[in-house]
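This is what each chain is made of:
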Amino acid sequence: MPMLKYEQIADSLRRRITEGEFAPGDLLPSGRDLCEQWSVSRATVNKAFDVLRADGVIVAHQGLGFRVTDTPLARPAGGRMSGVTRAVSGRPFRRLGLPAREAPPARVADALALQTGETALRRDRLVLLADGSPLSLVSAWFPAEVAAQCPKLSQAKPIAEGTTHYVARQTGRAPAQGADVTTVRLASAAEAEVLERQPPLAVAVVLHVARDADGVPLVCEVGVTPSDLWERVENYPMGTPS
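Residues numbered from 1 in each chain as written. Predicted model: local features only at pLDDT ≥ 70, side-chain atom pairs only at ≥ 80, totals over all residues. Heavy atoms only, no water.

## Thoughts on the nonpolar core
A general tendency of soluble globular proteins is for nonpolar side chains to be buried together. Membership of the largest hydrophobic core comes to 21 residues, with the highest contact counts inside it found for L112, L195, V203 and C220. Every element with two or more residues in this core is listed here: α5 (106-111), β4 (120-128), β5 (134-143), β7 (202-211) and β8 (217-226). Of the residues forming this core, the biggest block, 4 residues, is contributed by β7. Formed by 20 residues, the second largest nonpolar core is a distinct cluster that contains I9, L13, C35 and A160. (Core = buried A, V, L, I, M, F, W, Y, C linked by side-chain atoms within 4.5 Å. Buried < 20%, exposed > 50% of the residue type's maximum accessible area, 1.4 Å probe, protein only. Helix = DSSP H or I, 4+ residues; strand = E, 2+ residues; numbered from the N terminus.)

If you want it as structure tokens, here you go:
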């Protein structure tokens, strides 16, 4: 289905930000300029800005318009239901190490439908609490064909528009199905060190898989969170027993 005009504008701005035309802190083109460029109403342009704000890509600058956010946001693994935006669930984060092609753990390999010995691209991030202390260690694994189509995944720096939008834009495959599996275990010594905790440390482990409309995996994320910082809340209607 073709994108609506405001989606095209938002997508174009994402691309320009990711490609470095607009750096963190830079002002975006004015609403008037975008209206003229795209031959659309101000309401359409404002809707595009609203999309980017919800994604945590831009912030309002009093009296001047919108600028690229100085601190991109990332989300813990899982909980990617439709309507839950990065601006709502995202937090500051740090990139850890350099992306690398590795043979993933068995659970990840199974989730990505990889053959024995097949590698995937690994990107690690440390999602932070408001005070800057660690919240969750997340390893994102991308199949080789996705990584090949998305060269910026191999770079250490954050992708301003977020990897989900970037992968969808580069591959033409948007996430349509998500699955989260949560388990508990003790953290490894390396995990406890990154999370700045002393072992033994109980952790919740969320394995999140995003698949396209054909059910083909786009990414598998493994999020490791100290048990005292992990909480899941669900609200749902209940019927009268029959």
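## Some thoughts on the pairing of strand β1 (residues 58-61)
Where β1 meets strand β2 (residues 65-68), 4 bridges bridge the pair, whose relative direction is antiparallel. If you follow I58 over to β2, its bridge partner there is V68. Linking two consecutive strands that pair antiparallel, namely β1 and β2, is a turn of 3 residues; a positive phi of about 80° is found at G63 within it. (Pairing = 2+ DSSP bridges.)

## Observations regarding the sheet that holds strand β3 (residues 93-102)
Strand pairing in a sheet relies on backbone hydrogen bonds, with the paired strands running either antiparallel or parallel. Taken in spatial order, the 6 strands of this open sheet run β3-β4-β5-β8-β7-β6, and their pairing is antiparallel. Two strands close off the open sheet at either side, each with one partner strand: β3 and β6 (177-186). In this sheet, adjacent strand axes meet at a mean angle of 15° when their direction is disregarded. Sheet analysis places β7 next to β8, joined by 9 bridges and oriented antiparallel. In the strand pairing of β8, L207 is matched with V222. (Axes fitted to C-alpha atoms, helices over the stretch in contact; angles between N-to-C directions.)

## Details of the environment of D124
Checked against the element boundaries, D124 lands in strand β4. Note: C-alpha distance between D124 and D26 (98 residues apart in sequence) is 27 Å. Other than its neighbours up to four places away in sequence, D124 contacts R94, R95, L96, V138 and S139. Within polar-contact distance, the side chain of D124 engages the side chain of S139 at 2.7 Å. (Contact = heavy atoms within 4.5 Å. Polar contact = N/O pair within 3.5 Å; in protein donor to acceptor, adjacent residues only side chain to side chain.)

## Some thoughts on the packing of helix α1 (residues 5-18) against helix α2 (residues 31-38)
Across the interface, α1 lies against α2 with an axial gap of 12 Å and an inter-helix angle of 115°. Relative to α2, the element α1 lies roughly perpendicular. As α1 runs across α2, the sense of the crossing is right-handed. Across from K5, Q8, I9, S12, L13 and R16 in α1, the residues of α2 making contact are L34, Q37 and W38. Grouping the constituent residues of the contact of α1 with α2 by class yields 4 nonpolar, 3 polar and 2 charged. (Parallel < 35°, antiparallel > 145°, perpendicular 65-115°, else oblique. Left-handed = near helix turned anticlockwise from the far one by under 90°. Nonpolar A, V, L, I, M, F, W, Y, C, P; charged D, E, K, R; others polar.)

## Let's talk about the packing of α1 against helix α3 (residues 42-54)
As a packed pair, α1 and α3 sit with axes 8 Å apart at the nearest point and diverge in direction by 50°. If you check the angle between α1 and α3, you find them oblique. Pair α1 / α3 crosses with right-handed handedness. Taken together, the residues of α3 that come into contact with α1 (itself represented by K5, Y6, I9, A10, L13 and R14) are T44, V45, K47, A48, F49, V51 and L52. Considered class by class, the residues forming the contact of α1 with α3 number 9 nonpolar, 1 polar and 3 charged.

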